[in-house]
Amino acid sequence: MHYNLNNNPVIVVGGAGYIGAHVCKTIAKHGGRPIVFDNFSAGHKHAIKWGPHVEVDLRDRKATQKAFETHSDVKTVIHLASSIEVGIGEKYPSEFYDNNVSGALNLLMAMKYTGADRLIFSSTCATYGETQNMPLLETEVQNPFSVYGKTKLAIEHMIQSYHKAYGMKYVTFRYFNASGADASGEIGEEHDPETHLIPNALKAAAGLGPKMKLFGADYDTPDGTCIRDYIHVTDIALAHIDAIRTLDEGATTHAEVNIGTGEGYSVLEILTMIQKVTGLPVPYDISPRREGDLTQLYADATNAKKVLGFSPQHSDLENIIKTAWNFHRKQWE
Ligand code: UDP
């Protein structure tokens with residue numbers, strides 16, 4: 001369904017990042033006006049192509065308030081900015097709590113101040129923690145293992161409190177593994193350093209740099225490697241349009257929703273698909289388990305369909321790898 005955003009403005013915090021750029025493009029495609037707020041600590045100016053931007057760091061409360069004041073007509077905010085590297089969070093928790101939790105509090109305060117009363121927040125399946133209950137339902141106990149997951153859960157709670165106290169409307173997305181790239185190849189995953197499986201495996205397949213490290217082949221899974229639910233970033237972006245539509249229609253005022261496909265793939269299955277798509281084997285070494293990794297995570301995706309009418313259209317694994325390969329090949333040429 002092609003929902004028209006009627007030229008309405010949407011503030012996209014973290015709009016210069018991997019998911020943010022895809023969200024902005026999708027908002028523009030649906031007739032909306034994305035306004036990027038970013039501190040460019042990880043985002044890229046070249047990924048902002050669909051509207052204006054404001055350079056602002058959420059940790060600066062006054063600057064955040066000022067940025068909102070200059071866009072006081074905006075009602076809808078998408079919040080994607082955060083520290084995401086799990087290992088760094090374990091080493092430097094204060095940095096994570098400051099950037100993610102304090103930053104989100106400043107954002108909420110600024111939103112309340114200007115009357116922006118709708119928030120779409122990107123949380124994570126890492127808020128659930130270790131459990132055998134697969135697929136994961138939204139009602140699963142949230143007991144995050146990593147500092148990263150703990151900061152995201154703290155923000156979920158803050159948003160719930162703002163809903164209860166001030167009537168803030170929200171959709172909290174618990175993403176599974178964002179992957180793939182826009183079909184045009186103009187935007188894609190550009191983390192530095194890159195820690196994610198698919199870009200690292202593609203790089204190794206392309207013969208750029210060392211062999212890939214496969215973190216643990218002794219997990220309790222059919223082939224011994226971890227299982228994840230890979231969802232195409234274009235589908236994630238489209239889920240945001242469904243969230244805006246659902247809030248516009250008043251169908252719900254608050255929801256926590258998994259954004260995944262419902263299917264799990266092991267690390268070795270990903271490497272096999274990469275060989276099929278690229279024709280190149282992925283050279284790898286089996287390395288020790290990575291700290292913070294859970295054995296398996298995949299979504300029960302039925303709630304997203306029920307609450308938002310969202311179901312993934314671009315997330316078959318072959319398409320994910322094809323679009324990622326298409327993007328990275330251009331980058332590496
Ligand atoms: N992984 C790996 N080598 C890498 C990067 C990731 O073996 O260079 C594994 C990782 O241990 C996990 C899976 O691939 O089991 C997905 O990791 P990723 O960092 O892409 O996403 P996460 O699930 O941590 O959010």
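Since the structure is predicted, the reported quantities are computational estimates derived from the model, not experimental observations.

Here the bond from Met134 into Pro135 is cis, since omega is -5°, no more than 30 degrees from zero. On the secondary structure map, Pro135 appears in the loop between strand 5 (118–124) and helix 5 (147–166). With an omega of 5°, the peptide bond running from Asp192 to Pro193 counts as cis. Assignment of secondary structure puts Pro193 in the loop between strand 7 (177–179) and helix 6 (197–205). One non-glycine residue, Asn7, lies in positive phi territory at about 65°. Inspection of the secondary structure puts Asn7 in the segment before strand 1 (9–13). A relative accessible area of 48% places Asn7 in the partly exposed class. Phi at Phe40 takes a positive value of approximately 60°, unusual for a residue other than glycine. Note that Phe40 resides in the loop between strand 2 (33–38) and strand 3 (53–55). Residue classification places Phe40 among the buried residues on the basis of a relative accessible area of 17%.

This part covers the packing of helix 6 against helix 10 (residues 317–332). Remark: helix 6 packs on helix 10, axes separated minimally by 10 Å, with the N-to-C direction vectors making an angle of 60°. In terms of orientation, helix 6 and helix 10 fall into the oblique class. Helix 6 and helix 10 meet at a crossing whose hand is right-handed. Contacts between helix 6 and helix 10 involve Ile198, Pro199, Leu202 and Lys203 from the first element and Ile320, Ile321, Ala324, Trp325, His328 and Trp332 from the second.

With respect to the helices and strands, the residue Lys211 is situated in the loop between helix 6 and strand 8 (212–215). Judged by relative accessible area, Lys211 falls into the partly exposed class, the value being 47%. Along the backbone, Lys211 and Asp285 are 74 residues apart, and their C-alpha atoms lie at a distance of 6.5 Å. When sequence neighbours within four positions are dropped, the list of residues in contact with Lys211 reads Ala204, Pro283, Tyr284 and Asp285.

Along the polypeptide, His79 turns up in strand 4 (residues 76–79). On the basis of relative accessibility, which here comes to 3%, the residue His79 falls in the buried class. In this structure His79 touches Val13, Leu58, Ala104, Leu107, Leu119, Ile120, Phe121 and Ser122, once residues within four positions along its chain are discounted.

Take the packing of helix 1 (residues 18–29) against helix 7 (residues 233–249) next. Put simply, helix 1 and helix 7 touch, their axes get as near as 8 Å, and they point 55° apart. The orientation of helix 1 relative to helix 7 falls into the category oblique. Helix-helix and strand crossings are classified by hand; for helix 1 and helix 7 the assignment is right-handed. The residues of helix 7 that touch helix 1, namely those facing Tyr18, Ile19, His22, Val23, Thr26 and Ile27, are Val233, Thr234, Ile236, Ala237, Leu238, His240 and Ile241. Within the contact of helix 1 with helix 7, the residues separate by chemical class into 9 nonpolar, 4 polar and no charged.

Quick look at helix 6 now. Taking burial as the measure, the 9 residues of helix 6 include 7 buried ones, the bulk of the element. Among the residues of helix 6, those classed as buried are Leu197, Ile198, Pro199, Ala201, Leu202, Ala204 and Ala205. In this structure, the buried side of helix 6 is in contact with strand 7, strand 8, strand 10 (230–232), helix 8 (267–278) and helix 10. One or two steps after helix 6, the chain reaches Gly207, where phi turns positive at roughly 80°.

Reading the values: the criteria
By convention here, each chain's residues receive numbers from 1 onward along its written sequence. The predicted nature of this model means local features are confined to residues of pLDDT at least 70 and side-chain atom pairs, given and counted, to a pLDDT of 80 or more, with totals for whole chains, interfaces and linings taken over all residues. Excluding hydrogens and water, the side-chain values take into account all heavy atoms of the structure. Helix numbers and strand numbers start at the N terminus; a helix is a DSSP run of H or I with at least 4 residues, a strand a run of E with at least 2. Here's how the labels work: a residue is buried when its accessible area is under 20% of the maximum for its type, exposed when over 50%, partly exposed in between, all with a 1.4 Å probe on protein chains only. Here the axes come from fitting lines to C-alpha atoms, over the contacting stretch only for helices, and the angles between their N-to-C directions go from 0 to 180 degrees. Small angles under 35 degrees read as roughly parallel and large ones over 145 as roughly antiparallel, with 65 to 115 read as roughly perpendicular and the rest as oblique. What makes a crossing left-handed is the near helix being turned counterclockwise from the far one by less than a right angle; a clockwise turn instead makes it right-handed. Whether two residues are in contact is decided by their heavy atoms, any of which lying within 4.5 Å being enough. The nonpolar class holds Ala, Val, Leu, Ile, Met, Phe, Trp, Tyr, Cys and Pro. Asp, Glu, Lys and Arg form the charged class, and all remaining residues, Gly among them, are polar.

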